Amino acid sequence: MLSLLRISCIKPHLLRHPPIPPQKLRRPRFRSLTKPQSFSSCSNSQRSINGSNNCEERLKGGGGGDDGFWIYNTMSRKKELFVPKVEGKVGMYVCGVTPYDFSHIGHARAYVTFDVLYRYLDYVGYDVYYVRNFTDVDDKIIARASQLGEDPICLSRRFCDEFLQDMVHLHCLSPSVQPRVSDHIPQIIDMIKKIVDNGFGYQLDEDVYFSVDGFPDYGRLSGRKLEDNRPGERVAVDSRKRNPADFALWKAAKKGEPFWESPWGPGRPGWHIECSAMSAAYLGYSFDIHGGGMDLMFPHHENEIAQSCATCCESNVSYWVHNGFVTVDSEKMSKSLGNFFTIRQVIELYHPLALRLFLLGTHYRSSINYSDVLLDIASERIFYIYQTLHDCEEALQQANQTSEDASIPDDINNCTSKLQEEFSTSMSDDLHTPVVLSALSEPLKNINDLIHTRKGRKQHLRIESLTALEKTIRRVLDVLGLMPWAYIEILQQLREKALKRAKLTEADVLQKIEDRATARKNKEYEKSDAIRKELAALGITLMDNPEGTTWRPAVPVPLQEKLIAVT
């Protein structure tokens, strides 16, 4: 058993994590809405509920398409025109991970979703202050640390670092700030004191609970009624509580657990109070967007609303945004069910950008079913995108000229305009990324025609056309977080992943290509076809051209047949 760990809340700096090295990824511009703060008193105006919206105040939209940016608000259960509280600025809080293990692709989906929202808001001109926390003090961390014989804070720091590395792999931009619970104990204690002073909390021995009976709007976000809540269902059973649904604000210290001094005795925060305190510390009590996975809607976000409103009568979040589940065999993927795949496990065999493309191929609010077939399809598709753009880049370099001339053929002009229009329309309609990805097909085909067909190579204003197409596609990919540093580098990495899945080496494939060439030369066509089919079954497609035979990753034929069978 770990020795009792005593951490003073008076010296939170002792727990501060070392600064994170700057990432190479582009950071959107932003200006802080507020600095971390202690909680001030609220006015005596009528208590408002987080997420309550006055549509008449939102007639004038912000950026986005011609009709503004519309986003689905879980609170109102409909799409609403996005209008920030402060013109030109957006405050966004997204619930982060509890770092006790490697993150799974359910986490990847959530943070890719909000990364796209972050990028898009920046693209349409907002200064975004994006807060994503680490819940580095939690029951799960303590239990895992006890199993490993490790200090809980050290364990959580280690998995925070691992998570950040996963986000770099997935091309997720670093948020504006990433606060940790262990650095914000004074703010949390201050909030709990206000909740108790306002009559919404009560003390039992050295524990403090929130009284849901005192908050009549409890359940508004999730649509659940108090009588529907069953004791023990994500809320600890404690016979001392006034209502079985009451939840912990402060937990008394137990042997072997980290604790901080407080007015109620040594202990640590409950799960839900942490996000209420940190969102208020960095964004104030009233801000624009609060996001997270659909599984956080109840009880976590429901409890956040109750706590924040109990602390401050002016607490209000304009838009509650939730992403759908990742499922396996139509069942939610989660660590508790044991049916999860970590991000590390997936990117061992598939490129992180293929995983990102796979996640963006389904609308963020819909469930997405995980399967190797769909990841193989995403891998093949992203290879095609980058190969096309690489070929375009080489063609432009060989032409030794670039052109910003607006004079391009009508068909190319229509093509780029159509892509830009579909991008603008689809993204402004609740981030409809699947439509955007589909819209890339025609511009990519036009690039390939201009480069690889006899007619295309002779087309008037060919270089100008390639320049316009590549520029428009690149802009779209950048907002989606799919723009790589160098096409050739990513293409090689995609090939390496395909070889790993096929359990082959580059030398193995080249030898097969040589054997096939020899067979064809000797007119042993049956043998040459067998080699092609053998490689195709492993996800390696051979391509013959005047310069010889090359190969590219593809969906293995057995998986293609499996997909056809189920559809």
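This is a predicted model, so every value here is computed, not measured.

How each quantity is defined
- Residues numbered from 1 in each chain as written.
- Predicted model: local features only at pLDDT ≥ 70, side-chain atom pairs only at ≥ 80, totals over all residues.
- Heavy atoms only, no water.
- Helix = DSSP H or I, 4+ residues; strand = E, 2+ residues; numbered from the N terminus.
- Buried < 20%, exposed > 50% of the residue type's maximum accessible area, 1.4 Å probe, protein only.
- Contact = heavy atoms within 4.5 Å.
- Areas by Shrake-Rupley, 256 points an atom, 1.4 Å probe, with all protein chains shown as cover.
- Salt bridge = Lys/Arg side-chain N within 4 Å of Asp/Glu carboxyl O.
- Pairing = 2+ DSSP bridges.
- Axes fitted to C-alpha atoms, helices over the stretch in contact; angles between N-to-C directions.
- Parallel < 35°, antiparallel > 145°, perpendicular 65-115°, else oblique.
- Left-handed = near helix turned anticlockwise from the far one by under 90°.
- Nonpolar A, V, L, I, M, F, W, Y, C, P; charged D, E, K, R; others polar.
- Core = buried A, V, L, I, M, F, W, Y, C linked by side-chain atoms within 4.5 Å.

(A) Focus on the overall build of the chain. Broken down by element type, the chain carries 18 helices and 17 strands. Counting across all 567 residues of the chain, residues that qualify as buried make up 54%. Taking as baseline every contact in the chain between residues at least 6 positions apart, the subset at least 24 positions apart corresponds to 78%. Within the structure as shown, the chain displays about 25,500 Å² of accessible surface, and the carbon and sulfur contribution to it stands at 50%.

(B) Up close: the pattern of salt bridges. One pass over the full model with this rule turns up 23 salt bridges. For R144, the salt bridge is made with D101, and the minimal N-O distance between the two is 3.3 Å. Remark: D101 occurs in the loop between strand 4 (89-94) and helix 1 (105-123) and R144 occurs in helix 2 (residues 139-148); sequence separation between them is 43 residues. The exposure class assigned to D101 is partly exposed, which follows from its relative accessible area of 21%. Residues joined in a network through salt bridges with shared partners are D139, K251, E257 and R268.

(C) Region of interest: the pairing of strand 16 (residues 540-545). Two strands pair when backbone bridges link them, and strand 16 and strand 17 (residues 548-553) are joined in this way by 6 bridges, in the antiparallel orientation. Its bridge partner being in strand 17, I540 is matched across the sheet by P553. Here strand 16 folds back onto strand 17 in antiparallel fashion, the turn holding 2 residues.

(D) Structural context of unusual backbone geometry. For the bond running from F298 to P299, omega is 5°, close enough to zero to count as cis. Relative to the helices and strands, P299 resides in helix 6 (residues 297-311). One non-glycine residue, L461, lies in positive phi territory at about 60°. Within the secondary structure, L461 is located in the loop between helix 13 (454-457) and helix 14 (462-480). What makes L461 partly exposed here is its relative accessible area of 21%. Its identity as a non-glycine residue notwithstanding, K523 has a phi of 60°, on the positive side. The topology assignment puts K523 in the loop between helix 16 (506-521) and helix 17 (525-537). For K523, a relative accessible area of 62% corresponds to the exposed category.

(E) Expanded view of helix 8 (residues 352-360). Burial analysis of helix 8 places 9 of its 9 residues in the buried class, the great majority of the element. Inspection of helix 8 places P352, L353, A354, L355, R356, L357, F358, L359 and L360 among the buried residues, and these make up the whole buried set.

(F) Up close: the packing of helix 9 (residues 372-399) against helix 15 (residues 487-502). Packing of helix 9 against helix 15 leaves a shortest axis separation of 9 Å and a crossing angle of 150°. Taken together, the axes of helix 9 and helix 15 lie roughly antiparallel to each other. Between helix 9 and helix 15 lies a crossing of left-handed hand. Contacts between helix 9 and helix 15 involve D376, S379, I382, F383, Y386, Q387, L389, H390 and E393 from the first element and Y487, I488, I490, L491, L494, R495 and R501 from the second. The residue makeup of the contact of helix 9 with helix 15, split by class, is 9 nonpolar, 3 polar and 4 charged.

(G) Local environment of the nonpolar core. One finds Y386 and L482 to be the most contacted residues of the largest nonpolar core, which totals 91 residues. Take this core: its biggest share by element is 11 residues, from helix 1. Among all residues touching L482, those that are not within four sequence positions of it are L353, R356, L357, L360, I382, Y386, L437 and L477. C95, V181, W264 and A310 belong to the second largest nonpolar core, which has 48 residues in total.

(H) Quick peek at the environment of Y370. The residue Y370 is located in the loop between strand 15 (368-369) and helix 9 in this model. For Y370 and I105, which are 265 residues apart along the polypeptide, the C-alpha to C-alpha distance reads 9.0 Å. Those residues in contact with Y370 that sit more than four places away from it in its chain are I105, V326, T327, V328, M333, F341, V346, F358 and L375.

(I) Just the sheet that holds strand 7 (residues 207-210), in detail. Strand order in the open sheet made by the 4 strands is 6-7-8-10, with antiparallel pairing throughout. Each having just a single partner strand, strand 6 (201-204) and strand 10 (267-269) make up the two edges of the open sheet. Here the strands of the sheet are splayed against their neighbours by 20° on average, with no regard to which way each runs. As paired elements, strand 6 and strand 7 share 4 bridges and run antiparallel to each other. Paired with Y202 across the strands is Y209, a residue of strand 7.

(J) How the structure looks around the environment of V346. Within the secondary structure, V346 sits in helix 7 (residues 343-349). Since its relative accessible area comes to 2%, V346 is described here as buried. Each C-alpha atom, one on V346 and one on D372, is 9.4 Å from the other, the two residues being 26 residues apart in sequence. If we ignore the near neighbours within four places in the chain, the residues touching V346 are I105, F341, L355, Y370 and L375.

These values are about where atoms sit, not about what they do.
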